[in-house]
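Residue-level structure breakdown
The primary structure of each chain is shown beneath.
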Amino acid sequence: MKIYIDGKYYDEHKAKVSVFDHGLLYGDGVFEGIRAYNGRVFKLAEHIERLYCSAKSILLKIPMPPADMVRAVVQTCRKSKLRDGYIRLLVTRGVGSLGLNPHKCPRATVVIIADKIQLYPPEYYERGLDIITVATTRNLHSALNPAIKSLNYLNNILAKIEALNGGCEEAIMLNAEGFVAECTGDNIFIVKGDRLLTPPLSAGALYGITRSVVMDLGRGQGLEVGEPNLTRHDMFNADECFLTGTGAEIIPVVKIDGRVIGAGKPGAVTRKLEGEYRKLTQVSGEPI
Ligand code: PXG
């Protein structure tokens, strides 16, 4: 595996960043998690666009244009001989002094790791997940906007710890108003009749790339796709529920806070979307 740092490629054990990098000192930076399937980088342009939007929001100047970033990701995959796997792209504020001031960091650090993917075990997809709502609410837009995919993931990690403490793999995070926002590393959907519903981005969800692919697939299947505010009551009374994310793809949920969802097994709509999603990942994307 070769790791890209600021234009150079390093072997795994030699790929290092400074302890004075504000990405480490303050979680000051942004990132993307991207998948490669069958020799193609899936939805690369969308991931790069979201990265630059996150960077703009935190006033972080990425030291190269988006087209060069696309090339760097593809080149890292080539050098790592990766055809199927997971790409972690991060841009940190860079090396600076001890102190918050980002202006003391002259240049952002860009890191690209192209690695194998750690998948959820197959039984989670076969049986479906049992998840819980946690007490940690999703960050406020006015504090740290959840649309920014920042290196500061403690909000999500605290929720993940609560889920794991409760014997679950994922957690539903509510926003400060009590509406469903998303899970710790995935967006959430329900199926109710012929409607496919997911919380609006204004409820505190990440602009998930898998989320928007699944909404398109749903429309293609004749489902009425909507983004209303959703409550736990809506989730409990859904016919089907599933999570979406680059890593998890589409993973069914069969129990929420002890309430069985639908028939208690992955539903037909979920299965159909899973199949369509898999098909799409095999045939589209930026060639490596
Ligand atoms: N919400 C959050 C908070 C995320 O971090 C998603 C939703 C799904 O977005 P995409 O664009 O991937 O469909 C994410 C992204 C991990 C891991 O190791 C998870 C994500 C990103 C990076 C790593 O579990 N999820």
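One can find the structure itself at the top, above this paragraph.
Attention in this report is confined to the structure presented alongside it. In this text the structure is predicted, and so the values were computed from the model without any measurement. (Residues numbered from 1 in each chain as written. Predicted model: local features only at pLDDT ≥ 70, side-chain atom pairs only at ≥ 80, totals over all residues. Heavy atoms only, no water.)

Moving on, we get to the nonpolar core. Among the nonpolar cores identified, the biggest contains 29 residues, and Met-69, Ile-87, Leu-89 and Val-91 are the most heavily contacted of them. Not counting the four nearest positions on each side in its chain, Val-91 is found in contact with Gly-29, Val-30, Leu-51, Leu-60, Ile-62, Met-69, Ala-108, Thr-109, Val-110 and Leu-151. Counting 22 residues, the second-largest nonpolar core is a separate cluster that includes Ile-131, Met-235, Cys-241 and Leu-243. (Core = buried A, V, L, I, M, F, W, Y, C linked by side-chain atoms within 4.5 Å. Buried < 20%, exposed > 50% of the residue type's maximum accessible area, 1.4 Å probe, protein only. Contact = heavy atoms within 4.5 Å.)

Take the site of the ligand next. If you check the shell around the ligand, you find 20 residues, and the closest are Tyr-153, Glu-182, Ile-209, Thr-210 and Thr-246. Contact between the ligand and Glu-182: a nitrogen atom at 2.6 Å from a side-chain N or O atom of the residue. Note that an oxygen atom of the ligand is positioned 2.8 Å from one of the backbone N or O atoms of Ile-209. When the ligand sits alone it has 550 Å² of accessible area, and the protein chains cover 81% of it. Each residue belonging to the shell around the ligand can be placed in one class, and the counts come to five nonpolar, nine polar and six charged. (Near = heavy atom within 4 Å. Polar contact = N/O pair within 3.5 Å; in protein donor to acceptor, adjacent residues only side chain to side chain. Areas by Shrake-Rupley, 256 points an atom, 1.4 Å probe, with all protein chains shown as cover. Nonpolar A, V, L, I, M, F, W, Y, C, P; charged D, E, K, R; others polar.)

By the secondary structure assignment, Asp-257 is in the loop between strand E14 (249-256) and strand E15 (259-260). Relative accessible area serves as the criterion here: at 16%, Asp-257 is assigned to the buried category. In this structure the side chain of Asp-257 is engaged in a polar contact, spanning 2.6 Å, whose partner is the side chain of Thr-133. A distance of 2.8 Å separates a polar atom in the side chain of Asp-257 from a polar atom in the side chain of Arg-232. Contact partners of Asp-257, with chain neighbours within four places excluded, come to Ile-131, Ile-132, Thr-133, Arg-232 and Phe-236. (Helix = DSSP H or I, 4+ residues; strand = E, 2+ residues; numbered from the N terminus.)

This part covers the side chain of His-47. Locating His-47 in the fold gives a position in helix H2 (residues 44-57). Not counting the four nearest positions on each side in its chain, His-47 is found in contact with Glu-32, Gly-33, Ile-34, Phe-42, Ile-209 and Thr-246.

What follows deals with the environment of Phe-242. By secondary structure assignment, the location of Phe-242 is in strand E13 (residues 240-245). Separated by 123 residues in sequence, Phe-242 and Leu-119 place their C-alpha atoms 16 Å apart.

Right, let's talk about the packing of aromatic side chains for a bit. Tallying each qualifying case throughout the model produces six aromatic pairs. With 5.4 Å between their ring centres and 50 degrees between their planes, Tyr-120 and Tyr-124 make a pair best called tilted. In this structure an aromatic cluster arises from ring pairing among Tyr-37, Phe-42 and Tyr-277. Just above the ring of Tyr-9 sits the side chain of Lys-79; from NZ or CZ to the centre is 4.9 Å. The positively charged end of Arg-278 is found above the aromatic ring belonging to Tyr-125, 5.9 Å away from the centroid. (Phe/Tyr/Trp six-rings, centres within 6.5 Å; stacked < 30°, edge-to-face > 60°. Lys NZ or Arg CZ within 6 Å of the ring centre and 35° of its normal.)

The subject of this paragraph is unusual backbone geometry. One can expect most non-glycine residues to show negative phi and most peptide bonds to be in trans. Here Asp-6, not a glycine, exhibits a phi torsion of approximately 45 degrees, which is positive. Within the secondary structure layout, Asp-6 lies in the loop between strand E1 (2-5) and strand E2 (8-11). Phi at Lys-81 takes a positive value of approximately 50 degrees, unusual for a residue other than glycine. When you line up the elements, Lys-81 lands in the loop between helix H3 (66-79) and strand E5 (85-92).

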